[in-house]
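Close look at the chain arrangement
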Amino acid sequence: MQEPQVLIIEDDADVRLGCVQALMLEGIRAQGVCSTEKARRLIDADFGGVVVSDIRLPGQDGMSFLRDITALDAALPVILVTGHADIATAVQAMRDGAYDFIQKPFSSQLLVEVVRRALEKRTLTLEVRGLKRQLAAFGGLESRIIGRSALIDDLRRTIADVATTSADILIQGETGTGKELVARCLHDLSGRRGPFVALNCGGLPEALFESEIFGHEVGAFSGAVKRRIGKIEHAGGGTLFLDEIESMPMAMQVKFLRVLQERIIERLGSNQQIPVDFRVVAATKLDLAAETAAGRFRNDLYFRLNVVRVDLPPLRVRREDVPILFEHFVVQAALRHGREPPEIKDTIVRELMAYAWPGNIRELRNIAERHVLGIRLAIEATSLERTLPLAEAVDAFEKSLIAEELRRQHGNVLRTAKILAVAKSTLFDKIRKYGLDGDMR
Ligand SMILES: Nc1ncnc2c1ncn2[C@@H]1O[C@H](COP(=O)(O)OP(=O)(O)OP(=O)(O)O)[C@@H](O)[C@H]1O
Ligand SMILES: [Mg+2]
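Note that the structure is predicted; figures quoted are calculated from it, not measured.

Scoring rules and cut-offs
Residues numbered from 1 in each chain as written. Chains lettered and ligands numbered in written order. Predicted model: local features only at pLDDT ≥ 70, side-chain atom pairs only at ≥ 80, totals over all residues. Heavy atoms only, no water. Near = heavy atom within 4 Å. Polar contact = N/O pair within 3.5 Å; in protein donor to acceptor, adjacent residues only side chain to side chain. Areas by Shrake-Rupley, 256 points an atom, 1.4 Å probe, with all protein chains shown as cover. 1 Å grid on protein atoms, 1.4 Å probe; cavity = no way out; pocket = protein on both sides within 12 Å on 5 of 7 lines; lining within 4 Å. Sits in = over half its atoms within 2 Å of the grid points. Helix = DSSP H or I, 4+ residues; strand = E, 2+ residues; numbered from the N terminus. Nonpolar A, V, L, I, M, F, W, Y, C, P; charged D, E, K, R; others polar. Domains from an automatic or database assignment. Buried < 20%, exposed > 50% of the residue type's maximum accessible area, 1.4 Å probe, protein only. Contact = heavy atoms within 4.5 Å. Pairing = 2+ DSSP bridges. Axes fitted to C-alpha atoms, helices over the stretch in contact; angles between N-to-C directions. Parallel < 35°, antiparallel > 145°, perpendicular 65-115°, else oblique. Expected span 1.5 Å × (residues − 1). Salt bridge = Lys/Arg side-chain N within 4 Å of Asp/Glu carboxyl O.

As a structural note, the neighbourhood of ligand 1 is formed by 17 residues, with Ile-146, Thr-175, Lys-179, Arg-362 and Arg-365 the closest of them. At 2.8 Å, a side-chain N or O of Thr-175 approaches an oxygen atom of ligand 1. A total of 630 Å² of accessible area belongs to ligand 1 in isolation, and the protein chains cover 85% of it. The site holding ligand 1 turns out to be the largest pocket. Those elements that place two or more of their residues in the shell around ligand 1 are α7 (179–190), α13 (322–337) and α15 (360–372). Within the shell around ligand 1, the residues separate by chemical class into six nonpolar, four polar and seven charged. When residues of the shell around ligand 1 are assigned to domains, at least three fall in each of domain 2 (145–313) and domain 3 (316–439).

Here Arg-122 shows up in helix α5 (residues 108–144). We classify Arg-122 as buried; its relative accessible area is 0%. Here Asp-73 takes part through its side chain, which lies 2.9 Å from a polar atom of the side chain of Arg-122. Not counting the four nearest positions on each side in its chain, Arg-122 is found in contact with Ala-45, Asp-46, Phe-47, Gly-48, Gly-49, Val-50, Asp-73, Ala-75, Leu-76, Pro-77 and Arg-129.

The next subject is the pairing of strand β13 (residues 279–284). β13 sits mainly inside the fold: six of its six residues count as buried. The side-chain alternation of β13 yields two buried faces, one formed by Arg-279, Val-281 and Ala-283 and the other by Val-280, Ala-282 and Thr-284. Bridge count for strand β6 (residues 169–173) against β13 is four bridges, and the pairing is parallel. Across the sheet, the residue bridging to Leu-170 is Ala-282, located in β13.

Once that is clear, we can look at the packing of helix α18 (residues 413–420) against helix α19 (residues 424–433). Contact geometry of α18 with α19 gives a least axis separation of 9 Å together with a crossing angle of 105 degrees. With respect to α19, the axis of α18 lies roughly perpendicular. Contacts between α18 and α19 involve Val-413, Leu-414, Thr-416 and Ala-417 on the former and, on the latter, Lys-424, Leu-427, Phe-428 and Ile-431. The residue makeup of the contact of α18 with α19, split by class, is six nonpolar, one polar and one charged.

Below, the discussion takes up helix α1 (residues 13–25). The first and last C-alpha atoms of α1 sit 18 Å apart over 13 residues, in line with the 18 Å expected at 1.5 Å per residue. Tucked into the core, α1 has its buried residues touching β1 (6–9), β2 (30–33) and α5. Looking at where α1 begins, the residue whose side-chain oxygen comes 2.9 Å from the main-chain nitrogen of Asp-14 is Asp-12. A positive phi of about 80 degrees marks Gly-27, the residue just after α1.

Time to look at the pattern of salt bridges. Using the criterion set out here, one finds 34 salt bridges in the structure. Close ionic contact of Arg-116 with Glu-26 constitutes a salt bridge, the shortest N to O distance being 3.6 Å. Note that Arg-116 is positioned in helix α5 and Glu-26 in the loop between α1 and β2, a separation of 90 residues in sequence. With relative accessibility at 42%, the residue Glu-26 sits in the partly exposed group. Arg-148 serves as the salt-bridge partner of Glu-404, at 2.8 Å between the closest nitrogen and oxygen. Taken together, the residues span a long stretch of sequence, with Glu-404 in helix α17 (residues 390–408) and Arg-148 in the loop between α5 and α6 (150–163) at a distance of 256 residues. Given a relative accessible area of 27%, Glu-404 falls into the partly exposed group.

Without other data, these values stay purely geometric and don't point to any function.
Following this line, the structure appears as structure tokens:
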């Protein structure tokens, strides 16, 4: 059921019904309850509506309820309804933070008017609050998902945008590109209070898969001596991270699709239907569309998962992020090992930028660790077969220099050209060539 826009607390059944009907006639969703205790169960800090409460109520009165609500969310409009003798109380109520008060008896027109104004204020408050949250979340992401390239900027923005929706998400990216990190960020920003539960679909024998994901009752199969709660149920109110989704056995894919559509599970060996509120973030290293075309992954499940997709770019297409990532991991490793971070020489940076990074960020992190420990960089030995052709390496280096300087000059092309000692037109050409237009001002 949709949340009401107005919650009416009134112990007199006739008055309550009258208020609800008057508001409903004006297209405002209203719900009536007879006590503040009942109302409290319907309200949380992000309640999307407003409250109209009688002051005199059996049990907790309206004034004391107002104080509770103010403590929960000071910006939630509470309109108090007073009898004749209650004027002094009403004045006090306004001082205590009530939005407005209405004196009995009142016309439906007055009620509708006051409620409309309060609702407008509430909508605005929640909008501003949502924007602020998004902004804070985005800021937090910058310290977790490191990188200055436009691709990583886009990634952070996408995460902040989709995290708070209820949509299931498919993350696609090569090994070590940060799929699990992104899944965790999505969960942490989702506002979902339940846990983050991870399941690697590749690591499970087919026979165990079903009971692992759905759980089972005692005696569901030989060996089922204890009841087991499955991963989906564990993820209730939270996020279920399905890693290597492409390895999910075909027979499971059918069952899982049904659960995705209905959000109801049955443990093995039980007919009881259990509704579970969970959000799926699935990850794959493969091109799932190609897997589907080749008949190795079910079409319908693919389409269901592919609604919101996050593609993680490999490191070699955003080499300008290599220096900052390397520095970040060097500092981290130095802290972990209780050492001074060693100097990062230009020659090392050049070499790192020219490397193709088949293991992506995980490989870079390992190399940073070796650097801190004073072990020769692993890529030196293999650099011959794995580094880029000279022309590409030079381009990558040039791109990073320009991007870095543009940033330092806050996107001012003239100043950047001067410092790099190139003609402005040459710089423009290169900015276009490397797709750095977004960094320009
Ligand atoms: N943009 C980033 N900024 C900082 N750290 C990152 C970033 N991307 C990935 N990492 C780190 O790199 C490591 C590898 O990331 P993660 O395990 O999320 O990759 P993955 O895509 O799940 O890899 P695999 O496909 O091998 O499972 C982790 O330590 C993660 O924290
Ligand atoms: Mg992973």
